[in-house]
Amino acid sequence: DVYLNVKLIDMFPASPEDDSQKNWAHRVQELEWRRNNGNDHYRRRNMQLAARCYEKGMEVFPETPVQAPASVGLSGKAAAAAVTKTIADVASN
């Protein structure tokens, strides 16, 4: 058994902009994880699990075209382009 003693030091209220940026970052991270996990399954010749990872990866960003939230800033178009490229990579597998 493992026991942890956690002490909360401070809490900060989240603003809606923070939530959209965190949500974006979480979705990007999930998309990349699913792509990498699918690639690992593919290398191991487990095609069913690879296909499932790729399918779930395409569901992370169902909207077309992909648009980054305004809170991402000036790099929003570049971020959306990078995500679109990753989705194309996942879809081609």
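Residues numbered from 1 in each chain as written. Predicted model: local features only at pLDDT ≥ 70, side-chain atom pairs only at ≥ 80, totals over all residues. Heavy atoms only, no water.

1. A closer look at the pattern of salt bridges
Here is step 1: Taken as a whole and assessed by the stated rule, the structure comprises five salt bridges.
Here is step 2: E59 is the partner of K56 in a salt bridge, and the nearest nitrogen-oxygen pair spans 3.9 Å. Here K56 pairs with E59, and both are found in helix α2 (residues 47-60), just three residues apart, close to one helical turn. (Salt bridge = Lys/Arg side-chain N within 4 Å of Asp/Glu carboxyl O. Helix = DSSP H or I, 4+ residues; strand = E, 2+ residues; numbered from the N terminus.)

2. Points about the packing of aromatic side chains
Here is step 1: If you walk through the whole model with that rule in mind, you get one aromatic pair.
Here is step 2: On the basis of an interplanar angle of 70° and a centroid distance of 5.3 Å, the ring pair of W24 and F61 is categorised as edge-to-face. Residue W24 is located in helix α1 (residues 16-43), and its partner F61 is located in the loop between α2 and α3 (76-92); the two are separated by 37 residues in the primary sequence.
Here is step 3: Under the relative-accessibility criterion, W24 is labelled buried at 9%. (Phe/Tyr/Trp six-rings, centres within 6.5 Å; stacked < 30°, edge-to-face > 60°. Buried < 20%, exposed > 50% of the residue type's maximum accessible area, 1.4 Å probe, protein only.)

3. So, α3
Here is step 1: Its 17 residues give α3 an end-to-end C-alpha distance of 24 Å, which sits within 8% of 24 Å, the value for a rise of 1.5 Å per residue.
Here is step 2: The set of residues buried in α3 consists of G76, A79, A80, V83, T86, I87 and V90. Each buried residue of α3 lies within a common arc of 125° when the element is viewed along its axis, so the set occupies one face. Residues of α3 that are exposed and angled more than 90 degrees away from the buried face: K77, A78, K85 and S92. (Expected span 1.5 Å × (residues − 1). Arc of directions from axis to C-beta.)

4. As for the side chain of H41
Here is step 1: Along the chain, H41 falls in helix α1.
Here is step 2: Relative accessible area serves as the criterion here: at 15%, H41 is assigned to the buried category.
Here is step 3: Leaving out residues up to four positions away in the same chain, H41 has contacts with N46, L49, A50 and C53. (Contact = heavy atoms within 4.5 Å.)

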